[in-house]
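# Coordinates in review
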Amino acid sequence: MADQHAQSGEDSRPIEIPAIRWDEPPEGPVLVLLDQTRLPAEEVELVCTDAPALVEAIRSLAVRGAPLLGIAGAYGVALAAARGFDVDAAAESLAGARPTAVNLALGVRRAQDAYRTELAGSGDVEQAAGAALGAARALHKEDAEASARMAERGLALLDELLPGGGHRILTHCNSGALVSGGEGTAFAVALAAQRVGRLRRLWVDETRPLLQGARLTAYEAARNGMAYTLLTDNAAGSLFAAGEVDAVLIGADRIAADGSVANKVGSYPLAVLARYHHVPFIVVAPLTTVDEGTADGASIEVEQRPGFEVTEFAAPQAPVAGGEPGGGIPVAPLGTQAYNPAFDVTPPELVTAIVTEEGVVSPVTAEALAELCARSRQVTQSL
Ligand SMILES: CSC[C@@H](O)[C@@H](O)C(=O)COP(=O)(O)O
C-alpha cells in the first residue's frame with residue numbers, strides 16, 4: 001500500500017541556510033534566522049538586531065522547536081550583551097516568550113549566568129558579552145552532538161524493536177535540522193534509518209493548525225531524498241488500522257519528572273492509537289528537555305495560541321494578541337471561538353521509550369525516570 005502513495009522528494013537540493021547563525025557585519029552583531037514562517041515557499045533570512053525582534057520571531061514561530069529555542073534564547077542574551085542593552089531585561093523577555101519548551105528558559109539562563117559570572121569577576125562588560133556568546137556557541141555545538149547521538153541510539157532501538165527492517169515511521173510536527181544545532185531529534189532518527197537503507201516510508205502528519213509537518217517536515221524530507229507521504233492528522237487512524245505504521249517517532253518540548261511528555265498538539269492521540277494498534281511510541285529528546293522541576297503532566301504549562309490560527313487558513317504568523325483576526329482566509333463564521341493549545345501531554349504509560357543522547361529509557365518505569373532526572377539535573381546544572 002505504501003508504494004501506491006505519491007512519492008515526493010523531488011527537490012533534494014540541500015538546505016542552504018542554517019536554522020540559526022551568529023554574524024558580525026560592520027554595523028554590529030546580529031542573529032540570523034531561517035524564517036520558518038516562509039517555508040517551504042521561500043528560504044528567507046530574518047535578521048534580529050535585538051532581543052525584542054527575537055522575542056517576536058519566537059512568538060511568530062519564525063524560530064521554533066525545543067532545542068533551537070534554547071539555542072536562540074542563549075544567542076538572544078549574547079546579542080543584548082554585545083549591543084549594550086539591559087541583559088537581565090532581555091533574558092526575562094526571551095525566557096517568557098513561549099512557556100512550554102523548557103529548553104528556552106534553560107538556554108537563556110545559561111548565557112545569562114555566563115554573562116553575570118564574567119561581569120562579577122572581571123567587571124568588564126565586553127568580556128561578559130563574550131562569555132555570553134561563548135555559552136551560546138557551546139550550547140549550539142553540544143546540541144549538534146546530542147542530535148547525532150540520539151540518531152544513533154534511536155536507530156539501534158528501531159532495529160531492535162523492528163528486526164525486519166524496512167521501517168515505516170509516522171512523525172508529527174517538525175523535529176529535524178530546523179529545530180536543532182544538528183539534524184534534530186525524532187527526524188534525525190528517521191534520517192539515520194534512511195542513510196542505512198532501512199527507512200521504507202516516513203509518514204508525515206500535516207500538524208494542524210500551523211502545518212509544521214506539511215511545511216517543514218515534508219520540506220526536510222524532500223531535501224534529504226526520503227520516501228515520504230503527507231497525511232492529514234485525522235487520517236492517522238486509518239493508516240494504523242491498515243497496518244501501515246511500524247513506529248511513531250516524536251520529539252518533546254518538556255518531559256516531566258513522572259515521564260509525561262509535552263509535544264505538539266496531536267501527539268497524544270497518536271500515542272493512544274499506537275497503543276491500541278500495538279505500535280511502539282518513541283519519544284526522542286535531549287537530556288535538557290527533561291525537567292525534574294515539573295512534577296507531572298498536569299503541571300506542564302501548555303501554551304494557548306490565538307484562535308485565528310484555527311478559524312483562518314494561511315493567517316500571517318504575526319504575534320497578534322489572542323483572538324484578533326489574523327488576516328488569513330476565514331474557514332469558520334466570523335466570531336467563532338477556537339480551542340487552540342499548541343501542545344498536548346502524553347502520559348508515561350503510553351510511551352514505549354524515551355531516547356536521549358545518553359541512552360534509551362524503556363520501559364518508562366519510576367526507577368528509570370528517577371535516573372533520567374538525576375542525569376538531566378547533572379547535565380543542566382553543569383551548564
Ligand atoms: C525537537 S522537536 C520537539 C518539539 O519542539 C516539536 O515536536 C514541537 O512540538 C515544536 O512545536 P512548535 O510550536 O513548532 O515550536
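Since the structure is predicted, the reported quantities are computational estimates derived from the model, not experimental observations.

Our focus in this paragraph is the pattern of salt bridges. Two side chains that carry opposite charge are able to pair once their charged atoms sit near each other. Counted under the stated rule, the structure contains 18 salt bridges. For Arg21, the salt bridge goes to Asp23, with nearest N and O atoms at 3.4 Å. Salt-bridge contacts for Arg254 lead to Asp291; the nearest nitrogen and oxygen are separated by 2.7 Å. Of this pair, Arg254 sits in strand 8 (residues 254-256) while Asp291 sits in strand 11 (residues 290-291); the two residues are 37 residues apart in sequence, bridging distant segments of the chain.

Here the UniProt feature "active site" (unreviewed entry) sits at Asp253. For Asp253, the residues in contact, after removing those within four places along its chain, are Ala66, Thr100, Ala101, Val102, Asn103, Ala262, Asn263, Lys264, Thr289 and Phe343.

With respect to the helices and strands, the residue Pro363 is situated in the loop between strand 16 (359-361) and helix 11 (366-381). Pro363 sits in the exposed class, given a relative accessible area of 56%. Pro363 sits 211 residues away from Glu152 along the chain, and the two C-alpha atoms are 19 Å apart. Sequence-distant contacts of Pro363, that is, excluding residues within four places in its chain, are made with Thr352 and Ala368.

Near the ligand there are 17 residues, and of these Arg64, Ala66, Arg98, Asn263 and Lys264 occur at the shortest range. A distance of 2.8 Å separates an oxygen atom of the ligand from a polar atom in the backbone of Ala66. The fraction of the free accessible surface of the ligand (410 Å²) that becomes covered by protein chains is 100%. Listed by contribution, the elements that provide at least two residues to the shell around the ligand are helix 2 (66-82) and strand 9 (261-264). When the residues that make up the shell around the ligand are grouped by side-chain class, the tally is six nonpolar, seven polar and four charged.

The subject of this paragraph is the packing of helix 2 against helix 3 (residues 87-95). At their nearest, the axes of helix 2 and helix 3 sit 9 Å apart, and the two run at 155° to each other. On the basis of the axis angle, helix 2 is roughly antiparallel to helix 3. As for how helix 2 packs across helix 3, the hand of that crossing is right-handed. Here Gly73, Gly76, Val77, Ala80 and Ala81 of helix 2 lie close against helix 3, whose contacting residues are Val87, Ala90, Ala91 and Leu94.

Attention now goes to a nonpolar patch on the surface. Taken together, the side chains of Phe313, Ile329 and Val331 make up a nonpolar region of the molecular surface, amounting to roughly 280 Å² of accessible area. As for its placement among the helices and strands, Val331 is situated in the loop between strand 13 (329-330) and strand 14 (343-346). The class for Val331 is partly exposed, based on a relative accessible area of 42%.

Here the focus is the packing of aromatic side chains. In total, this model carries one aromatic pair according to the counting rule given. Centroid distance Trp22 to Tyr75: 5.9 Å. Interplanar angle 20°. Geometry classified as stacked. With Trp22 in strand 1 (residues 20-23) and Tyr75 in helix 2, this pair connects stretches of sequence that are 53 residues apart. One exposure class covers both Trp22 and Tyr75, and it is buried. When the ring centre of Phe343 is taken as reference, the NZ or CZ atom of Lys264 above it lies at 4.5 Å.

The rules we used
- In this convention, every chain numbers its residues from 1, walking through the sequence in written order.
- Restriction of local features to residues with pLDDT of at least 70 applies here, the model being predicted, together with a cutoff of 80 or more for giving and counting side-chain atom pairs; totals for whole chains, interfaces and linings are based on all residues.
- Side-chain metrics rest on all non-hydrogen atoms present in the structure, leaving aside hydrogens and water.
- Here, a salt bridge means any Lys or Arg side-chain nitrogen found within 4 Å of an Asp or Glu carboxyl oxygen.
- Numbering goes from the N terminus for both helices and strands, where a helix is a DSSP run of H or I of at least four residues and a strand is a run of E of at least two.
- UniProt positions are given in the numbering used here, feature names are shortened, and annotations may be inferred rather than shown by experiment.
- Residue contacts are counted whenever heavy atoms from the two residues lie within 4.5 Å of one another.
- Categorising residues by exposure relies on relative accessible area from a 1.4 Å probe, with only protein chains included: less than 20% of the type maximum marks a residue as buried, more than 50% marks it as exposed, and the intermediate range marks it as partly exposed.
- The criterion for a residue being near a molecule or strand is simple. One of its heavy atoms has to lie within 4 Å of it.
- Polar contacts, as used here, are pairs of N or O atoms within 3.5 Å; protein pairs need one atom able to donate a hydrogen and one able to accept it. Residues neighboring in sequence count only if both atoms are side-chain atoms.
- Where accessible areas are quoted, they stem from the Shrake-Rupley method and a 1.4 Å probe; at the residue level, only the protein chains shown are allowed to cover.
- When residues are grouped by polarity, Ala, Val, Leu, Ile, Met, Phe, Trp, Tyr, Cys and Pro land in nonpolar, Asp, Glu, Lys and Arg in charged, and all others, Gly among them, in polar.
- What counts as an axis is a line fitted to C-alpha atoms, over the stretch in contact for a helix, and the angles between N-to-C directions run from 0 to 180 degrees.
- Here the word oblique covers every angle except those under 35 degrees (roughly parallel), over 145 (roughly antiparallel) and from 65 to 115 (roughly perpendicular).
- Helix crossings fall into two classes, left-handed where the near helix is turned counterclockwise from the far one by less than a right angle and right-handed where it is turned clockwise.
- Grouping into patches uses exposed residues only, defined as over 30% relative accessible area, and leaves out salt-bridged ones; the cut-off is 9 Å for like charges and 5 Å for nonpolar side chains (Val, Leu, Ile, Met, Phe, Trp, Tyr).
- A pair of Phe, Tyr and Trp rings is counted when the ring centres sit within 6.5 Å of each other, with Trp represented by its six-membered ring. The angle between the planes then sorts it: under 30 degrees is stacked, over 60 is edge-to-face, the rest tilted.
- Working rule: Lys NZ or Arg CZ, within 6 Å of ring centre, within 35 degrees of ring normal, means a charge sits over the ring.

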